[in-house]
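Commentary on secondary and tertiary structure
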Amino acid sequence: MPTFLPPFTIQQPASLDEASQLLLDGGDDARAYAGGTELLLVMKHGGLQYGSLIDIKTIPGLGTIEVSDGALRIGALATHLAVERSPLIRQHIPSLAELEGKVANPRVRASGTLGGNLCFGEPHSDPATLLLCLDATMQIDGPDGARSLPIDEFIVGPYETALAEGELLTSIDIPLRGTAWVSAYTKFQVRERPMLGLALALEIDAAAAAVTDARAAVGSASPIPVRGAEAEALLVGPISEIRGRLAEAGAALAAAADLLDDGDGSAAYKAHLIGVFLRQTFERLTAAGTERATA
Ligand SMILES: Cc1cc2nc3c(=O)[nH]c(=O)nc-3n(C[C@H](O)[C@H](O)[C@H](O)COP(=O)(O)OP(=O)(O)OC[C@H]3O[C@@H](n4cnc5c(N)ncnc54)[C@H](O)[C@@H]3O)c2cc1C
């Protein structure tokens, strides 16, 4: 197995149009290059070979984080560190800032981008699971113009996205749902990458001590992250009643995922962890949601 990088060229486009054209011209030999944390690693180990890397960091405006049209828009080139530290993200979606502070290691967080994480389609992605739960939309640009895709249509398989030839991810939009919504992400990791991640978002009516809407997703333990509609239905109602259904909701969420038996652990072990994490995350969120509403 080679442990050195094969020769390649780097081109630095000044615009999205130019980058798309370079990708089209290069065909299968060309690849977009953002932080390079996945790309250079996989090339170094001989997994993939590209003779032409298109360095998209030279395109202006792709790292911006802003609120626009009721959504938080995160430029695809925003690094994990920038997302973790962004005051806007800490204010509007603290669960994402918290998640980003626990991705990989300081070196990868400083150069690896959120867009690169999602475009690589690694099944062990932390952000993909939370972004699925938060209903994120991917903004894409390419030879046929701009288009948007919900994240569940963007991630189509392990290491596989819906990006067409010459297309680039430009930003990730997360709808801002108002202060009744709270969200959290819980992960378990013994090796370099997470083996399980669970994301939960709840709309809480503090006065009624009830959950009025819920979204739950699980990732890193199956080929792609998934939501669990049955689990979500069980998580709506008076909080005291939901507590009695948490085991059932955990089992339903585990059943929705295509849990893998692999080196990280058995599918049964992962299903057990989902039940434990769902209970913990639910208690944490309902306490936070109730406290926030009464503060
Ligand atoms: C040691 C290590 C530990 C890690 N641990 C974790 C972890 O705990 N949790 C986790 O979630 N992730 C983890 N990761 C993954 C990490 O998050 C990604 O490596 C990083 O985010 C990739 O971003 P990048 O900018 O370096 O992408 P690059 O390596 O530059 O690109 C990755 C892929 O995405 C494509 N690409 C990049 N940007 C775009 C774009 N805008 N449009 C179209 N295609 C694009 C590239 O062509 C390439 O195929 C880990 C990685 C490493 C190396």
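Up top is the structure.
The model shown is predicted, which means the values in this text are computed figures rather than measured ones.

Strands belonging to one sheet form pairs held by backbone hydrogen bonds; the direction of such a pair is parallel or antiparallel. Spatial ordering of the open sheet is given by β4-β5-β10-β6-β7, a layout of five strands whose pairing is antiparallel. On the outer flanks of this sheet lie β4 (65–68) and β7 (145–150), each paired with one strand and no other. The mean angle between the axes of side-by-side strands here comes to 25°, regardless of whether they run parallel or antiparallel. For strand β6 (residues 137–142) and strand β10 (residues 168–175), the ladder comprises five bridges, and the chain directions are antiparallel. When the bridges of β10 are listed, D141 appears paired with L168. Packed on one face of the sheet, helix α1 (residues 16–26) meets β6 and β10 and runs near 125° to β10.

A complete count under the given rule lists one aromatic pair for this structure. Consider the rings of F120 and Y159, whose centres lie 5.6 Å apart with planes at 80°: the pair is edge-to-face. Note that F120 is positioned in helix α7 (residues 114–120) and Y159 in the loop between β8 (155–157) and β9 (160–161), a separation of 39 residues in sequence. Exposure remark for F120: the relative accessible area of 18% places this residue in the buried category. One residue, R177, lies across the ring of W181, its end atom 5.2 Å from the ring centre.

A word on the nonpolar core. Counting residues in each nonpolar core, the largest one holds 35 residues, and the members touching the most others are I74, L118, M138, I172 and I174. With five residues, the single largest contributor to this core is helix α8 (residues 126–133). Residues L200, I204, A257 and I274 belong to the second largest nonpolar core, which totals 33 residues.

Turning our attention to the sheet that holds strand β1 (residues 9–11). Strand order in the open sheet formed by three strands is β1-β3-β2, and the pairing between neighbours is parallel. With partners counted over all chains shown, the strands left at the sheet margins are β1 and β2 (30–33), one partner each. Ignoring strand direction, the axes of neighbouring strands in this sheet form an average angle of 30°.

The next thing to look at is the pattern of salt bridges. Summed over all chains, the structure comprises 14 salt bridges. Between R193 and E38 there is a salt bridge, with the nearest N and O atoms lying 2.8 Å from each other. Note that R193 is positioned in the loop between β11 (181–188) and β12 (196–205) and E38 in the loop between β2 and α2 (39–44), a separation of 155 residues in sequence. You can call E38 buried: its relative accessible area is 18%.

With that out of the way, let us pick up the environment of H124. Mapped onto the secondary structure, H124 falls in the loop between α7 and α8. The class for H124 is partly exposed, based on a relative accessible area of 22%. Sequence separation of H124 and E192 is 68 residues, and the distance between their C-alpha atoms is 9.8 Å. Apart from residues lying up to four places away in sequence, H124 is in contact with R193, P194, M195, S220 and D264. Only 3.3 Å separates the side chain of H124 from the backbone oxygen of S220, close enough to count as a polar contact.

With that settled, consider unusual backbone geometry. A positive phi angle is found at A104, which is not glycine, with a value near 50°. By secondary structure assignment, the location of A104 is in the loop between α5 (94–100) and α6 (106–111). The phi dihedral of Y159 falls on the positive side, at around 60°, and the residue is not glycine.

Turning our eyes to something else, we now look at the site of the ligand. Taken together, 35 residues form the shell around the ligand, and within it A32, G35, T37, H80 and T113 come nearest. Contacts to the ligand include N117, whose side-chain N or O atom sits 3.0 Å from an oxygen atom. When the ligand sits alone it has 980 Å² of accessible area, and the protein chains cover 97% of it. Listing elements by their share of the shell around the ligand, those giving two or more residues are β2, α2, α7, α8 and β10. The leading source of residues in the shell around the ligand is α7, at four residues. Tallied by class, residues from the shell around the ligand come to 17 nonpolar, 12 polar and six charged.

Thresholds applied
Residues numbered from 1 in each chain as written. Predicted model: local features only at pLDDT ≥ 70, side-chain atom pairs only at ≥ 80, totals over all residues. Heavy atoms only, no water. Pairing = 2+ DSSP bridges. Helix = DSSP H or I, 4+ residues; strand = E, 2+ residues; numbered from the N terminus. Axes fitted to C-alpha atoms, helices over the stretch in contact; angles between N-to-C directions. Contact = heavy atoms within 4.5 Å. Phe/Tyr/Trp six-rings, centres within 6.5 Å; stacked < 30°, edge-to-face > 60°. Buried < 20%, exposed > 50% of the residue type's maximum accessible area, 1.4 Å probe, protein only. Lys NZ or Arg CZ within 6 Å of the ring centre and 35° of its normal. Core = buried A, V, L, I, M, F, W, Y, C linked by side-chain atoms within 4.5 Å. Salt bridge = Lys/Arg side-chain N within 4 Å of Asp/Glu carboxyl O. Polar contact = N/O pair within 3.5 Å; in protein donor to acceptor, adjacent residues only side chain to side chain. Near = heavy atom within 4 Å. Areas by Shrake-Rupley, 256 points an atom, 1.4 Å probe, with all protein chains shown as cover. Nonpolar A, V, L, I, M, F, W, Y, C, P; charged D, E, K, R; others polar.

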